[in-house]
Amino acid sequence: MKKLFLLVLSLGFLQMGFAQIKDPVAWTFEAKKKTADTFEITITANVPKPWHMYSQNMPAGGPVPTKIVFNTNPLVKKAGNTKETGKLEKINDKIFGMEVLFYSGKVVYTQLVKVKPGIKTNIAGYVNYMVCDDEQCLPPTKKQFDIKLL
């Protein structure tokens, strides 16, 4: 009986080790109509201290850069590239052995899209990103979104 108890207790601790780590980033997604056929998509990340999230513009060989992917919709066309704004920090990271670009606090990604006039549709996709603090990095995460264009 004692061995069974120890086995169950050990399995419980093992399961706790594999428990999913909570994502510290809070996301919001919205669209604002600019003209009859143009919308501004705004994707906002709130990254609490001590966490930080990497720029879209990271060179290869380092941490996972943030990537925003829009699913194909024949009624919607991207106009330009996705812009990121926030307090960009640049450091020479000893762990990655390179210069890294990252954000803490509020980061806003904006993308203009054109739609056929008079059409109601949506734009869906995901954000792929990685967050780290001074001691650890969480595995890359995908955050899905689906935004109505009205």
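What you see is a predicted model, and the numbers here were worked out from it, not measured in a lab.

Comments concerning the pairing of strand 9 (residues 121-129)
Next up, step 1: Extensive coverage of strand 9 is indicated by the burial of 7 of its 9 residues.
Next up, step 2: As defined by bridge partners, strand 9 adjoins strand 11 (residues 141-149) across 9 bridges and the pair is classed as antiparallel. Across the sheet, residue V127 finds its bridge partner in strand 11, namely K143.

Some details on the nonpolar core
Next up, step 1: Formed by 25 residues in total, the largest nonpolar core has its most connected members in W27, I41, I43, M53, I123 and L149.
Next up, step 2: For this core, the secondary-structure elements that each account for two or more residues are strand 2 (38-47), strand 4 (67-70), strand 8 (105-115), strand 9 and strand 11.
Next up, step 3: If we ignore the near neighbours within four places in the chain, the residues touching W27 are I43, T44, A45, M53, Y109, V127, Y129 and K143.
Next up, step 4: Listed in part, the 8 residues of the second largest apolar core include Y54, M98, F102 and C132.

Let's talk about the layout of surface pockets
Next up, step 1: Its volume calculated, the largest pocket comes out at about 220 Å³.
Next up, step 2: Every residue lining the largest pocket is counted, 14 residues in all, and those nearest its centre are H52, D93, I95, D133 and D134.
Next up, step 3: Broken down by secondary-structure element, the contributors of at least two residues to the lining of the largest pocket are strand 3 (52-54) and strand 6 (88-93).
Next up, step 4: The residue inventory of the lining of the largest pocket, partitioned by class, reads 8 nonpolar, 2 polar and 4 charged.

Thoughts on the packing of aromatic side chains
Next up, step 1: Applying the stated criterion across every chain yields a total of 6 aromatic pairs.
Next up, step 2: Taken together, a centroid distance of 6.4 Å and an interplanar angle of 75 degrees make the contact between Y54 and F102 edge-to-face. Here Y54, found in strand 3, pairs with F102, found in strand 7 (residues 98-103); they are 48 residues apart in sequence, far enough to count as distant.
Next up, step 3: Take Y54: its relative accessible area is 1%, and that puts it in the buried class.
Next up, step 4: Consider the rings of F70 and F145, whose centres lie 5.7 Å apart with planes at 70 degrees: the pair is edge-to-face. With F70 in strand 4 and F145 in strand 11, the pair connects residues that are 75 residues apart, well separated along the chain.
Next up, step 5: Accessibility expressed as a relative area gives 13% for F70, which makes it buried.
Next up, step 6: Three or more aromatic residues joined by ring pairs form one cluster here, namely W27, F29, F70, Y129 and F145.

So, how was this worked out
- Residues numbered from 1 in each chain as written.
- Predicted model: local features only at pLDDT ≥ 70, side-chain atom pairs only at ≥ 80, totals over all residues.
- Heavy atoms only, no water.
- Buried < 20%, exposed > 50% of the residue type's maximum accessible area, 1.4 Å probe, protein only.
- Helix = DSSP H or I, 4+ residues; strand = E, 2+ residues; numbered from the N terminus.
- Pairing = 2+ DSSP bridges.
- Core = buried A, V, L, I, M, F, W, Y, C linked by side-chain atoms within 4.5 Å.
- Contact = heavy atoms within 4.5 Å.
- 1 Å grid on protein atoms, 1.4 Å probe; cavity = no way out; pocket = protein on both sides within 12 Å on 5 of 7 lines; lining within 4 Å.
- Points joined across faces, edges and corners; volume = space filled by probe spheres on them.
- Nonpolar A, V, L, I, M, F, W, Y, C, P; charged D, E, K, R; others polar.
- Phe/Tyr/Trp six-rings, centres within 6.5 Å; stacked < 30°, edge-to-face > 60°.

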